[in-house]
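Breakdown of the fold
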Amino acid sequence: SVPAVIYGGKEEPLRISILEKDIAKASEIPGFATQILNISISGKDQNVIVKEIQRHPATQRVLHADLMRVDPDTKISISVPVRFINEDSCVGVKMHGGVVSHLINDIDITCLASNLPEYLEVDVEALDIGDSIFLSALNLPEGVEIPSLALGEDRDQAVVSVTEAKVLEIEPEVVEPEEGEEGEEGEVSSDDAEAETDSQDSGDSEEKSE
């Protein structure tokens, strides 16, 4: 079993253990980290969200979980993933051969537990080369806020942008032979020539021996 701590709300922190197979199965569900989970403790149900999961670095087995109690009216701060849609039909990619660059993959939000989105959706279809979508321009679900934006305009960041596809042109370096090298190269080529004549001779002698 996996040790876990449930904290938050009006009750004291509670140390529990969860069957490893249960938490492993739950953690495979997409959006597991941004969903309200129901845990039954001695017959009493509690709603929690996952605040942190510690995994073994090599095997990725869950070693410990921090769970926070929530009720629908709890305001929570959590990081949710960004899901980019319509990349295939993006104007800058389709018409002008651009590339979509994902600049932010997770965004810290605050919301009521009852409004917790599994992810934030960003539609890139209308973007052309040179266009970006900033945090301040995201269509956030009702009741969801990005707290960093309240700290000033300088906190606004591009989430996704469309840029020109970079073509790396590498020009071969032309190295001028230094004096003295030419003679050496000449010797090497003459050795090769001798080697070739040797092999021909040996081929001839083999044919004769047949």
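Look up a bit, the structure's there.
Now for a description of the structure that goes with this document. (Residues numbered from 1 in each chain as written. Predicted model: local features only at pLDDT ≥ 70, side-chain atom pairs only at ≥ 80, totals over all residues. Heavy atoms only, no water.)

Pairing within the open sheet is mixed, and its five strands lie in the order S2-S1-S5-S4-S3. Two strands in the sheet have a free side with no partner beyond their single neighbour: strand S2 (14-18) and strand S3 (37-41). Taken pair by pair, the neighbouring strands of this sheet meet at an average axis angle of 40°, ignoring direction. By the bridge criterion, five bridges tie S3 to strand S4 (residues 44-55) in an arrangement that is antiparallel. Paired with Ile39 across the bridge in S4 is Gln46. Across the face of the sheet, helix H1 (residues 20-27) comes into contact with strand S1 (2-7), S2, S4 and strand S5 (62-69) while running at roughly 85° to S2. (Pairing = 2+ DSSP bridges. Helix = DSSP H or I, 4+ residues; strand = E, 2+ residues; numbered from the N terminus. Axes fitted to C-alpha atoms, helices over the stretch in contact; angles between N-to-C directions. Contact = heavy atoms within 4.5 Å.)

This next bit is on the nonpolar core. Counting 28 residues, the largest nonpolar core has Ile76, Ile107, Ile109, Val122, Leu138, Val159 and Val160 as the members making the most contacts within it. Elements that contribute at least two residues to this core include exactly strand S6 (75-85), strand S8 (106-112), strand S9 (120-123) and strand S11 (158-164). Ranked by residues supplied to this core, first place goes to S6 with five residues. Within the second largest apolar cluster, 15 residues are counted, among which are Val2, Ala4, Ala65 and Leu67. (Core = buried A, V, L, I, M, F, W, Y, C linked by side-chain atoms within 4.5 Å. Buried < 20%, exposed > 50% of the residue type's maximum accessible area, 1.4 Å probe, protein only.)

With that settled, consider unusual backbone geometry. A positive phi is found at Gln60, a non-glycine position, where the angle reads about 65°. By the secondary structure assignment, Gln60 is in the loop between S4 and S5. Gln60 gets classed as partly exposed once you look at its relative accessible area, which sits at 44%. One non-glycine residue, Asn86, adopts positive backbone phi at about 65°. Locating Asn86 in the fold gives a position in the loop between S6 and helix H2 (91-94).

So, about the packing of aromatic side chains. Across all of its chains, the model carries zero aromatic pairs by this definition. Over the aromatic face of Tyr119 sits the side chain of Arg83, whose NZ or CZ is 3.7 Å from the ring centroid. (Phe/Tyr/Trp six-rings, centres within 6.5 Å; stacked < 30°, edge-to-face > 60°. Lys NZ or Arg CZ within 6 Å of the ring centre and 35° of its normal.)

As defined by bridge partners, S1 adjoins S2 across five bridges and the pair is classed as antiparallel. Bridge assignment links Ala4 to a residue of S2, and that residue is Ile16. What sits between the antiparallel neighbours S1 and S2 is a turn of six residues, in which Gly8 has the positive phi angle 100°. In this structure, S1 lies alongside S5, joined through four bridges in parallel fashion. Counted as the bridge partner of Ala4 is Ala65 from S5.

Our focus in this paragraph is the sheet that holds S9. Hydrogen bonds along the backbone pair up the strands of a sheet, which may run parallel or antiparallel. The strand order across the open sheet formed by three strands is S8-S6-S9, and the pairing between neighbours is mixed. The open sheet terminates on both sides in strands that have one partner only, identified here as S8 and S9. The average angle at which neighbouring strand axes cross in this sheet is 40°, direction not considered. In the sheet, S6 pairs with S8 via seven bridges, with the strands oriented antiparallel. Within S8, the residue paired with Pro81 across the bridge is Asp106.

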